[in-house]
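Structural features, examined
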Amino acid sequence: IVVDTATRTAVVQPGLLNAEVKKAVAAHGLWYPPDPSSFEICSIGGNVATNAGGLCCVKYGVTTDYILGLEVVLADGTAVRLGGPRLKDVAGLSLTKLFVGSEGTLGVVTEATLRLLPPQHRGCTVVASFDSVRAAAGAVVTITGRIRPSMLEFMDDVAINAVEDKLKMGLDRSAKAMLVAASDDRGAAGVEDTE
Ligand SMILES: Cc1cc2nc3c(=O)[nH]c(=O)nc-3n(C[C@H](O)[C@H](O)[C@H](O)COP(=O)(O)OP(=O)(O)OC[C@H]3O[C@@H](n4cnc5c(N)ncnc54)[C@H](O)[C@@H]3O)c2cc1C
């Protein structure tokens, strides 16, 4: 993994775990956002192949939004370079975008150039219970129409009770739905979002 702090990019080999990339770039004060829940056990190559996203994708997008370039080996053994390290390496049809999410059907990714962000700010988190799925869905639509939460997760009563059976977190078993929302905006903006 080669990190360039000036351009906020990293060139990585596909076998690195997502967590290893996050850790390596964090050492340079940078952040690689895509965060599938399996981030500690899944590879960047697999993330590219499945266009993985996670909790923060509601605000920060999915793997394709962070892939600037790829080296790919095609079925006949030819190695090709797609995209490039600059944000504006986008002229013509985006073959990079075509490869992301192609599940290994078009070729084997042997290197990826990742776009990095400055570190995420500490978020404010809100947990809300609802007496119907419709009410929770209404809240989701209201929230997403006004602000960009950094996380917005929904659970119905089946999921709430399954989690509570397993983890005993003190969740409201009588709720019909639950939302977990977060804002990572700085200072007053984050507080306002949370309110
Ligand atoms: C517990 C768990 C939680 C998860 N949570 C989420 C989540 O919150 N959000 C989400 O979006 N996804 C989630 N996933 C799915 C996850 O994103 C994918 O399983 C993961 O990205 C695949 O990476 P892997 O290293 O496991 O790949 P593998 O399972 O090894 O491979 C997956 C596919 O990618 C192909 N592939 C792997 N490496 C390359 C390469 N270098 N070049 C070309 N093709 C390649 C393989 O051929 C295969 O088709 C979860 C999975 C698990 C098991």
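These remarks concern the structure in this document. (Residues numbered from 1 in each chain as written. Predicted model: local features only at pLDDT ≥ 70, side-chain atom pairs only at ≥ 80, totals over all residues. Heavy atoms only, no water.)

Here the focus is the pairing of strand 3 (residues 67–73). Most of strand 3 is tucked away: five of the seven residues are buried. Bridge count for strand 3 against strand 5 (residues 108–115) is six bridges, and the pairing is antiparallel. In the strand pairing of strand 5, I67 is matched with L114. Strand direction decides the pairing type here: strand 3 and strand 4 (residues 79–83), joined by five bridges, are antiparallel. Its bridge partner being in strand 4, E71 is matched across the sheet by R81. Between the antiparallel neighbours strand 3 and strand 4 lie five residues, among them G77 with a positive phi of about 95°. (Buried < 20%, exposed > 50% of the residue type's maximum accessible area, 1.4 Å probe, protein only. Helix = DSSP H or I, 4+ residues; strand = E, 2+ residues; numbered from the N terminus. Pairing = 2+ DSSP bridges.)

The computed volume of the largest pocket comes to approximately 370 Å³. Along its surface, the largest pocket is lined by 18 residues, and I143, I147, D193, T194 and E195 are the ones closest to its centre. A class-by-class count of the residues in the lining of the largest pocket yields eleven nonpolar, three polar and four charged. If you go around the second largest pocket, you meet 18 residues; those closest to its centre are L68, D89, V90, S94 and T96. Where the lining of the second largest pocket is concerned, the elements lending two or more residues are strand 3, strand 4 and helix 4 (95–99). The element contributing the most residues to the lining of the second largest pocket is helix 4, with three residues. (1 Å grid on protein atoms, 1.4 Å probe; cavity = no way out; pocket = protein on both sides within 12 Å on 5 of 7 lines; lining within 4 Å. Points joined across faces, edges and corners; volume = space filled by probe spheres on them. Nonpolar A, V, L, I, M, F, W, Y, C, P; charged D, E, K, R; others polar.)

If you walk across this open sheet you meet the three strands as 6-8-7, and the pairing is antiparallel. Two strands bound the open sheet, and with one partner strand each, they are strand 6 (124–130) and strand 7 (151–156). The sheet shows a mean angle of 10° between the axes of neighbouring strands, taken without regard to direction. When strand 6 meets strand 8 (residues 177–183), the two strands line up antiparallel, connected through seven bridges. Note that in strand 8 the partner of V126 across the bridge is A181. (Axes fitted to C-alpha atoms, helices over the stretch in contact; angles between N-to-C directions.)

Neighbouring residues of the ligand: 18 residues in total, closest S43, N47, T50, G53 and V109. Between the ligand and S37, the relevant distance is 3.1 Å, taken from an oxygen atom to a main-chain nitrogen or oxygen of the residue. Looking at the shell around the ligand, the elements with two or more residues in it are helix 2 (44–50) and strand 5. Among the elements that make up the shell around the ligand, the one with the highest residue count is helix 2 (five residues). Split by residue class, the shell around the ligand holds seven nonpolar, ten polar and one charged. (Near = heavy atom within 4 Å. Polar contact = N/O pair within 3.5 Å; in protein donor to acceptor, adjacent residues only side chain to side chain.)

Of all hydrophobic cores here, the largest spans 24 residues; its most connected members are V25, Y32, L70, L114 and L116. Those elements that provide at least two residues to this core are strand 2 (9–12), helix 1 (18–26), helix 2, strand 3 and strand 5. Every residue in contact with L70, bar those within four places of it in the chain, is listed here: V48, V80, R81, L82, T96, F99, V100, V109, E111 and A112. Counting eight residues, the second-largest nonpolar core is a separate cluster that includes M151, A175, M178 and A182. (Core = buried A, V, L, I, M, F, W, Y, C linked by side-chain atoms within 4.5 Å. Contact = heavy atoms within 4.5 Å.)

Here the idea is simple: oppositely charged side chains can pair when their charged atoms come close. Inspection of the entire model under this criterion finds seven salt bridges. Of the charged contacts, one joins D185 and K59 as a salt bridge, the two residues approaching to 2.9 Å between their closest N and O atoms. Separated by 126 residues along the polypeptide, D185 in the loop between strand 8 and helix 7 (187–194) and K59 in helix 3 (residues 57–60) bring together distant segments of the chain. By relative accessible area, K59 is classed as buried at 13%. Across the pair E111 and R81 runs a salt bridge whose closest N-O atoms are separated by 3.0 Å. Of this pair, E111 sits in strand 5 while R81 sits in strand 4; the two residues are 30 residues apart in sequence, bridging distant segments of the chain. We classify E111 as buried; its relative accessible area is 19%. (Salt bridge = Lys/Arg side-chain N within 4 Å of Asp/Glu carboxyl O.)

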